[in-house]
Amino acid sequence: MKRYVFLIAAVLLAFAACSQKYEEKYDTLRCDYEFINAAAVADTIPMMVYYSGQWKAEPEEGCDWMSVDTPEGQGVTVLHIITVDNVGEARSALLHLIAQQDTLSVNVQQTAGI
């Protein structure tokens, strides 16, 4: 009986020694989209940002129809792009993602309103 207990303990110890916490590293800034075509009505569009370090998200200067709910983050994060109703012509702006050594721009276009 002692032999079986010892054998089971040895197997459990071997499994415990082999298990490691896996964490994926993202050394290059990435996101789900290069281009987003938003509807004319106000919307919230989720986008994953992949980067192991700290990053910032900034709509291009002068853009008053698009914002983000998370202007700064760290690691893999869901960023929500928020647009307001468009009652005029189609419009576009860049959303800049900025990390330590990387910059990524997403082209956000919103269709014309009525």
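Quantities reported herein were computed from a predicted structural model and do not represent experimental measurements.

Peer 1: Explain the overall build of the protein here, please?
Peer 2: When helices and strands are tallied, the protein shows one helix and nine strands. Going residue by residue from the N terminus, the α and β elements of the protein occur as α-β-β-β-β-β-β-β-β-β. Here the protein, with 114 residues, has 28% of them falling under the buried criterion. Split by element, the accessible area of the protein, about 8,100 Å² in all, is 55% carbon and sulfur.

Peer 1: Any chance you could explain the side chain of Thr 83 here in plain terms?
Peer 2: Tracing the chain through its elements places Thr 83 in strand 7 (residues 77-83). When sequence neighbours within four positions are dropped, the list of residues in contact with Thr 83 reads Ala 38, Val 41, Ala 42, Asp 43, Trp 65 and Gln 110.

Peer 1: Sorry, what's going on with the sheet that holds strand 9 (residues 103-110) here?
Peer 2: Strand-to-strand pairing in sheets goes through backbone hydrogen bonds, with the strands running parallel or antiparallel. If you walk across this open sheet you meet the five strands as 2-9-8-4-6, and the pairing is mixed. Two strands bound the open sheet, and with one partner strand each, they are strand 2 (35-38) and strand 6 (72-74). On average, each strand axis in the sheet is tilted by 25° relative to the strand beside it, whichever way the strands run. Two strands pair when backbone bridges link them, and strand 2 and strand 9 are joined in this way by four bridges, in the parallel orientation. Of the residues in strand 9, the one forming a bridge with Ile 36 is Val 108.

Peer 1: Got a minute to help me understand the side chain of Thr 77 in this structure?
Peer 2: Of note, Thr 77 is situated in strand 7. At 3.5 Å, the side chain of Thr 77 forms a polar contact with the backbone oxygen of Gln 74. In this structure, Thr 77 is in contact with Met 47, Met 48, Val 49 and Trp 55, ignoring residues within four places of it in sequence.

Peer 1: What exactly am I supposed to notice about the sheet that holds strand 5 (residues 66-68) here?
Peer 2: With antiparallel pairing, the four strands of this open sheet are ordered in space as 1-3-7-5. The sheet is open, and its two edges are formed by strand 1 (30-31) and strand 5, each paired on a single side. As defined by bridge partners, strand 5 adjoins strand 7 across three bridges and the pair is classed as antiparallel. Opposite Val 68, over in strand 7, you have Ile 81 as the bridge partner.

Peer 1: What is the right way to read the environment of Val 76 from this model?
Peer 2: By the secondary structure assignment, Val 76 is in the loop between strand 6 and strand 7. Taking relative accessible area as the criterion, Val 76 reaches 42% and is therefore assigned partly exposed. For the pair Val 76 and Met 48, spaced 28 residues apart in sequence, the C-alpha separation works out to 7.0 Å. Setting aside residues up to four positions removed in sequence, Val 76 forms contacts with Tyr 26, Met 48, Val 49, Tyr 50 and Tyr 51.

Reading the values: the criteria
- Chains are numbered independently. Their residues run from 1 in the order of the written sequence.
- Residues qualify for local features only when their pLDDT is at least 70, as the model is predicted, and side-chain atom pairs are given and counted only at 80 or more; totals for whole chains, interfaces and linings, by contrast, use all residues.
- Hydrogens and water are ignored here; the side-chain numbers use all heavy atoms of the structure.
- Secondary structure elements follow DSSP: runs of H or I no shorter than four residues count as helices, runs of E no shorter than two count as strands, and numbering proceeds from the N terminus.
- To sort residues, take the accessible area from a 1.4 Å probe on protein chains only and compare it with the maximum for the residue type: under 20% means buried, over 50% means exposed, and anything in between is partly exposed.
- Residue burial considers only the protein chains on display, and all accessible areas are found by Shrake-Rupley using a 1.4 Å probe.
- In this analysis, two residues are considered to be in contact whenever any of their non-hydrogen atoms come within 4.5 Å of each other.
- Strands are labelled as partners when DSSP assigns at least two bridges between them.
- An axis is simply a line fitted to the C-alpha atoms; with a helix, the fit covers only the stretch in contact. Between two such axes, the angle follows the N-to-C directions and lies from 0 to 180 degrees.
- Residues adjacent in sequence count toward polar contacts only when both atoms are side-chain atoms; beyond that, a polar contact is any pair of N or O atoms within 3.5 Å, and within protein one must be able to donate a hydrogen and the other to accept it.

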